[in-house]
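Structural features, examined
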Amino acid sequence: MQNIKITVSVLYHPEESSLSRLHLKLGKNYDDKVIPPLVNEIMRSVVAQYSASQLLSQRDQVSDRIKSSLEERARNFNIVITNVAIKELNFGKEYISAIEQKQVAQQEAERAKYTVEQAKESKKSIIIKAEAEARSIELVGSAAMKNPSYLSIRKIEYAKEIAAILADTKNSVVLSTGLIMRNWDKPVV
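Reading the values: rules and limits
- Residues numbered from 1 in each chain as written.
- Predicted model: local features only at pLDDT ≥ 70, side-chain atom pairs only at ≥ 80, totals over all residues.
- Heavy atoms only, no water.
- Helix = DSSP H or I, 4+ residues; strand = E, 2+ residues; numbered from the N terminus.
- Buried < 20%, exposed > 50% of the residue type's maximum accessible area, 1.4 Å probe, protein only.
- Contact = heavy atoms within 4.5 Å.
- Core = buried A, V, L, I, M, F, W, Y, C linked by side-chain atoms within 4.5 Å.
- Expected span 1.5 Å × (residues − 1).
- Arc of directions from axis to C-beta.
- Salt bridge = Lys/Arg side-chain N within 4 Å of Asp/Glu carboxyl O.

1. Describing the overall build of the chain
Helices and strands together make up the secondary structure of the chain, namely seven helices and two strands. Counting helices and strands in the order they occur from the N terminus, the chain gives β-α-α-α-α-β-α-α-α. When each of the 189 residues of the chain is scored for burial, the buried share is 20%. Nonlocal contacts in the chain, meaning residues at least 24 apart in sequence, comprise 68% of its contacts between residues at least 6 apart.

2. Thoughts on the nonpolar core
One finds Leu 70, Ile 79 and Ile 81 to be the most contacted residues of the largest nonpolar core, which totals 28 residues. Mapped onto this core, the elements with two or more residues apiece are β1 (4–14), α1 (19–26), α2 (30–47), α3 (52–57), α4 (59–75) and β2 (79–91). In terms of residue count, α2 provides more of this core than any other element does, nine residues in total. The contacts of Ile 81, once residues within four sequence positions are left out, are Val 10, Leu 11, Tyr 12, Ile 35, Lys 67, Leu 70, Glu 71 and Ala 74.

3. A few points about α2
The terminal C-alpha atoms of α2, which comprises 18 residues, lie 26 Å apart, in line with the 26 Å expected from a rise of 1.5 Å per residue. For α2, the complete set of buried residues consists of Tyr 30, Val 34, Ile 35, Leu 38, Val 39, Ile 42, Met 43, Val 46 and Val 47. Along the axis of α2, the buried residues cluster in a sector spanning 140°; they form a single face. Seen from the buried face of α2, the exposed residues on the opposite side, beyond 90 degrees, are Asp 32, Lys 33 and Arg 44. Packing partners of the buried residues in α2 comprise β1, α1, α3, α4 and β2.

4. Describing the pattern of salt bridges
The tally for this structure, following the rule as stated, stands at five salt bridges. For Lys 120, the salt bridge is made with Glu 117, and the minimal N-O distance between the two is 3.9 Å. With Lys 120 and Glu 117 both in helix α5 (residues 93–146) and three residues apart, the pair spans about one turn of that helix. The partner of Lys 124 in a salt bridge is Glu 121, and the shortest N-O contact between them spans 3.7 Å.

5. Remarks on unusual backbone geometry
One non-glycine residue, Asn 78, adopts positive backbone phi at about 60°. Mapped onto the fold, Asn 78 is located in the loop between α4 and β2. In this structure Asn 78 comes out as buried when scored by relative accessible area, which is 19%.

Below, the structure is given as structure tokens:
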């Protein structure tokens, strides 16, 4: 059972034709005797028909149901209800805590879903890159088989890349040209 604090505003007036009868029967402060008990009773019966989330999402409908029930009952006392409005609707700490926990759980589920999607995309990217590298290796192998000078050109390109990297370093590095231009297909003697 959920504790709910509801504050309503009720606008009303007595039926003009029955005003003298109302004063004779209930006295001058008829409204203090009739309205608060009626409002409390009707609010309890109407609110009990809704769940906590429905009270929040269907606030106008709840207000209308309270008004129609209150109008019907107030007629017996020659009182006309002109408006009923829910001014405040508060729930207990347990309910608010449960809502917060649910929101946190939903956010964590969304975060996990995003992480899974990100991992799937990363996997696709890695597969595409690997397939491209495999195709590149096939093409290099095919080019090397068709034209042996292709490997010599690649050696020169790699030597230029190494030279550019070494030129950017602060340290001094000495390499022999024989090591850079070495034919790696032949064993070292």
